[in-house]
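Geometric and topological summary
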Amino acid sequence: MPADPNAPPLPQPDALTRPFWEACRRRVLEVSACQACQHLFLPPGPRCPRCWSDRLAVRGVSGEGSVFSFGVYRRSYHPALPEPYTVALIQLREGPRLISNVVGCAPEEVRVGMPVRVRFDDVGEFTLPRFEPARTEAR
Ligand SMILES: [Zn+2]
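Residues numbered from 1 in each chain as written. Predicted model: local features only at pLDDT ≥ 70, side-chain atom pairs only at ≥ 80, totals over all residues. Heavy atoms only, no water.

**So, the pattern of salt bridges**
All told, the structure shown has eight salt bridges when counted by the stated rule. Among the ionic pairs, R130 bridges to D121, the shortest N-O distance being 3.0 Å. In the salt-bridge network here, residues are joined through shared partners; they are R119, D121, R130 and E132. (Salt bridge = Lys/Arg side-chain N within 4 Å of Asp/Glu carboxyl O.)

The following block contains the structure:
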């Protein structure tokens, strides 16, 4: 059966990235953690990009961060991705960066440095980590 052309584009995990997506399914954001130099990084890889050690583990992180850079798409390139939408490089509080979307606010509200927090959206068989503005909560 041919693939549904309207189905949303989804990740294609391999042996290295599958644990990341499985953690997202559990609503946990995980990063790679080097056991030799303690460097935290994304995306997952076979070696630490800082010291080349292959002694790697994973670590759950807070899901809090800020917008490092972003772009607003004002043309739809896929039926499942209506414009406008925001693609952003998110700086996690713990250090690693990842590419995601900023959701939960108008694209015009997105700013570099804006505090954001992860949220997990179920899309097909995947759970995608996206980021929304971090609301200041009364304590
Ligand atoms: Zn390292």
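Don't stop here, the text continues.
**Regarding the pairing of strand β1 (residues 29–34)**
By the criterion of burial, β1 is predominantly enclosed, with six of the six residues buried. Strand direction decides the pairing type here: β1 and strand β3 (residues 56–61), joined by six bridges, are antiparallel. Opposite L29, over in β3, you have V61 as the bridge partner. Pairing analysis gives two bridges linking β1 to strand β2 (residues 40–41), with the strands arranged antiparallel. Bridged to A33 within β2 is L40. Two successive antiparallel strands, β1 and β2, enclose a turn made up of five residues, where Q38 displays a positive phi of approximately 70°. (Buried < 20%, exposed > 50% of the residue type's maximum accessible area, 1.4 Å probe, protein only. Helix = DSSP H or I, 4+ residues; strand = E, 2+ residues; numbered from the N terminus. Pairing = 2+ DSSP bridges.)

**A look at the coordination of the zinc ion**
In this structure, C34 (SG), C37 (SG), C48 (SG) and C51 (SG) serve as the protein donors to the zinc ion, at separations of 2.3 to 2.4 Å. For the zinc ion, the four donor atoms in the first shell make angles of 104 to 114° at the metal, a pattern classed as tetrahedral. Counting the intervening residues between successive donors of the zinc ion yields the motif C-x2-C-x10-C-x2-C. (Donors = N, O, S within 2.8 Å, 3.2 Å for Na, K, Ca; no water. Tetrahedral: all angles 85-135°; square planar, octahedral: opposite > 155°, others 65-115°.)

**A look at the environment of P9**
Turning to its location among the elements, P9 is positioned in the segment before α1 (18–25). The sequence separation of P9 and A80 amounts to 71 residues, and the corresponding C-alpha distance is 7.8 Å. Not counting residues within four places of it along the chain, the set of residues in contact with P9 comprises H78, A80 and L81. (Contact = heavy atoms within 4.5 Å.)

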